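Examination of the molecular architecture
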Amino acid sequence: MVIIKSVLAGLCLVTAFALGQAVEVPKSFDSGGLLYRLSPDAWAQTGIFPELAGFNYLELWQTEDGVVLEVYRPDRTRVRRRISQEELVLIRQQVDAHLRQQPKRLNQEGRGSFLLQQIPLALGWYGPATTALLIPKADLQYQAALSLVVSSAAFFAPLLAMRNMKMTQAQAHLCVANGYRGVLAGYLVGHMFHISEYRAYSAIMMVASIGGQVAGYRLADKLSLGQATLVTAYTDLGLLDGALLGAAIRDWTDDPKRYNISLSAWSLAGLAGGSVAGNIIAPKWDCTEGQVTALRTGTIVGAAVPLALYATLAEDFSPPAFLLGIGGSIGGTLWAQSSIRLHQLSNGNGLIVTGMTLGGALFGAGLGVLTNQSKVVSVAGSIGAIGGLAGGLALAKSLQAGQSSQSRLEPRLEFNCAGIICGVAHYAVNQRFGVPDLVTVRF
């Protein structure tokens, strides 16, 4: 019984002492909080602690008693030295001066992606458009040769021009995405003004495409990749709703002469409005590509389900169907965005949302086919799509939560095992337990 009490008393003392241990936090060597570990090369350039040598790296730690310098040696031993506030100020002044002298590296992580994505745009558009402008009536052999040469130049010219230019992943995405949408914008302009001459049409589309790429590059300068894809998603939402509104106005006016003006003008207005809305909203939401994928899925389901249900049940594809599609697309976008706004979905989890939505729609439509009734197929497919979207969002959020908890950094714990043994021995002799620095926690 006495042994048990002694053990329990020892455990209580150990626990109480552990809970009372100091927690150390890292300190940066610079005043901006950027440099927390100093390598031998950086140490030699900064000129601090000239008396040190033969170490792997240096770290600063804030303790209860002040700031300490920890020297990590190649033999895995560590040496600590206390740093005064005056010394810390001097250290940071020298490190700040060293960092200011370092050349700033351009962020070119999106350069390769941009050049690769530029090839399909060049093959599908810039090559044929240049051929139409320069040699529209030449033999097919010369047209094909010029088209391929221009497509090749669309890769090599930016490759050389961007040697000293910034190109982030966001800029690569929005630059190429706006290039494609610029082609469409040029087509809508030509369609709106009834331009029939092919060279003039090609010139307008090329100017719009190049302008879109330049604008995309500049607009994405301070955006993340997720935010850039959000701009594209809202641009497409505006284009979709503009086209639906134009279709509704065309049917209401029922005037063939207004077909080109209404549909093209409203589509172009929607494209521009969606782009403006995306550029306003994107900087306010630190989203990921996975979140934008889920949002796009909500947009498509929100537009497609009302259109399909109205067209099937009412047996009419009229302006009310288009207006329902507009309302549904906006509602689906806002619902999906609010559902995943606080969940940083990965690309894979975003695709799960799309996959489950498509799978739910196919499953519902498959069951409806058994009845051999088109209305049942439409209703069952729509219900399946909505259920798949809701289930996909829930599953993606739960999977993301599990991944986040697994990837969370654990604090560094150090136990003074030797001290525990000495403390127990000391307690057995003197009935007093004490272990200095029993537990050290570093974050």
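Heads up: these notes are all about the structure in this document. (Residues numbered from 1 in each chain as written. Predicted model: local features only at pLDDT ≥ 70, side-chain atom pairs only at ≥ 80, totals over all residues. Heavy atoms only, no water.)

With that settled, the discussion passes to the overall build of the chain. If you tally the helices and strands in the chain, you get 14 helices and seven strands. Considering only residue pairs separated by 6 or more positions, the chain has 70% of its internal contacts joining residues 24 or more positions apart. Surface accessibility of the chain: about 24400 Å² in total, with carbon and sulfur atoms responsible for 65%. (Helix = DSSP H or I, 4+ residues; strand = E, 2+ residues; numbered from the N terminus. Contact = heavy atoms within 4.5 Å. Areas by Shrake-Rupley, 256 points an atom, 1.4 Å probe, with all protein chains shown as cover.)

This part is about the side chain of Ser147. Structurally, the position occupied by Ser147 is in helix α5 (residues 140-161). Note on Ser147: relative accessible area 13%, which makes it buried. Excluding its chain neighbours within four sequence positions, the residues that come into contact with Ser147 are Gly127, Pro128 and Thr131. (Buried < 20%, exposed > 50% of the residue type's maximum accessible area, 1.4 Å probe, protein only.)

What follows concerns unusual backbone geometry. Phi at Phe49 takes a positive value of approximately 50 degrees, unusual for a residue other than glycine. Positionally, Phe49 belongs in the loop between α2 (40-46) and β3 (57-63). Look at Arg76: it is not a glycine, yet its phi comes out positive at around 70 degrees. Among the secondary structure elements, Arg76 is positioned in the loop between β4 (66-72) and β5 (78-83). Exposure remark for Arg76: the relative accessible area of 81% places this residue in the exposed category.

This part takes up the pairing of β4. Most of β4 sits out of view: seven of its seven residues are buried. Pairing geometry for β3 and β4, over seven bridges, is antiparallel. Bridge assignment links Tyr57 to a residue of β4, and that residue is Tyr72. Linking two consecutive strands that pair antiparallel, namely β3 and β4, is a turn of two residues. For β4 and β5, the ladder comprises six bridges, and the chain directions are antiparallel. (Pairing = 2+ DSSP bridges.)

Among the nonpolar cores identified, the biggest contains 24 residues, and Leu230, Trp285, Ala294, Ile340, Val353 and Leu393 are the most heavily contacted of them. Only α6 (169-192), α8 (225-253), α10 (289-313) and α13 (374-407) provide two or more residues apiece to this core. With six residues, α8 is the single largest residue contributor to this core. Setting aside residues up to four positions removed in sequence, Leu230 forms contacts with Ile281, Ala282, Trp285, Cys287, Val292 and Leu295. If you look at the next biggest cluster of nonpolar residues, it comprises 18 residues, including Phe29, Leu58, Leu60 and Ile91. (Core = buried A, V, L, I, M, F, W, Y, C linked by side-chain atoms within 4.5 Å.)

We now examine a nonpolar patch on the surface. Judged by side-chain polarity, Leu116, Ile119, Leu123 and Leu148 come together as a nonpolar surface patch covering roughly 380 Å² of accessible area. The residue Leu123 is located in helix α4 (residues 111-134) in this model. (Patch = residues over 30% accessible without salt bridge, like charges linked within 9 Å, V, L, I, M, F, W, Y side chains within 5 Å. Salt bridge = Lys/Arg side-chain N within 4 Å of Asp/Glu carboxyl O.)

So, on to the packing of aromatic side chains. Geometrically, a pair of aromatic rings is defined through the distance of the ring centres and the angle of the planes. For the coordinates displayed, the defined rule picks out three aromatic pairs. Here Tyr57 and Tyr72 contribute two aromatic rings whose centre-to-centre distance is 4.4 Å and whose plane-to-plane angle is 25 degrees, an arrangement assigned as stacked. With a gap of 15 residues between them, Tyr57 in strand β3 and Tyr72 in strand β4 connect regions that are remote in the sequence. Relative accessible area serves as the criterion here: at 22%, Tyr57 is assigned to the partly exposed category. Residue Tyr72 is classed as buried on the basis of its relative accessible area of 8%. Judged by centre distance (5.1 Å) and plane angle (85 degrees), the rings of Phe155 and Phe156 are edge-to-face. (Phe/Tyr/Trp six-rings, centres within 6.5 Å; stacked < 30°, edge-to-face > 60°.)

With that out of the way, let us pick up the packing of α6 against α8. One way to put it is that α6 packs onto α8 with a least axis distance of 8 Å and a crossing angle of 15 degrees. In this view, α6 runs roughly parallel relative to α8, as classed from their interaxial angle. Of the two elements, α6 crosses α8, and the hand of that crossing is left-handed. Mapping the contact onto sequence places Gln169, Ala170, His173, Leu174, Ala177, Arg181, Leu184 and Leu188 in α6 and Leu225, Ala228, Thr229, Val231, Thr232, Thr235, Asp236 and Leu239 in α8. Looking at the contact of α6 with α8 residue by residue, the classes come out as nine nonpolar, five polar and two charged. (Axes fitted to C-alpha atoms, helices over the stretch in contact; angles between N-to-C directions. Parallel < 35°, antiparallel > 145°, perpendicular 65-115°, else oblique. Left-handed = near helix turned anticlockwise from the far one by under 90°. Nonpolar A, V, L, I, M, F, W, Y, C, P; charged D, E, K, R; others polar.)

This structure, assessed with the given rule, holds eight salt bridges. For the salt bridge of Arg81 with Glu87, the shortest nitrogen-to-oxygen distance reads 3.3 Å. Residue Arg81 is classed as partly exposed on the basis of its relative accessible area of 32%. One salt bridge connects Arg181 with Asp236, and the closest N-O pair in it is separated by 2.8 Å. In this pair, Arg181 sits in helix α6 while Asp236 sits in helix α8, placing the two residues 55 residues apart along the sequence.

Time to look at the side chain of Asp30. Along the chain, Asp30 turns up in the loop between β1 (23-27) and β2 (37-38). For the buried Asp30, which has no salt bridge, the nearest side chain bearing the opposite charge is Arg92, at an N-O separation of 6.5 Å. (Lys, Arg positive; Asp, Glu negative; His and termini not counted.)

A few words on the environment of Ala282. Turning to its location among the elements, Ala282 is positioned in the loop between α9 (259-281) and α10. Considering only alpha carbons, one finds Ala282 and Tyr234, 48 residues apart in sequence, at a separation of 9.3 Å.

When the terminal C-alpha atoms of α4 are compared, their 30 Å separation across 24 residues is substantially less than the 34 Å that a helix rising 1.5 Å per residue should span. Maximal helix bending in α4 amounts to about 55 degrees, located at Ala122. (Expected span 1.5 Å × (residues − 1). Bend = angle between axes of the 7 residues up to and from the residue.)

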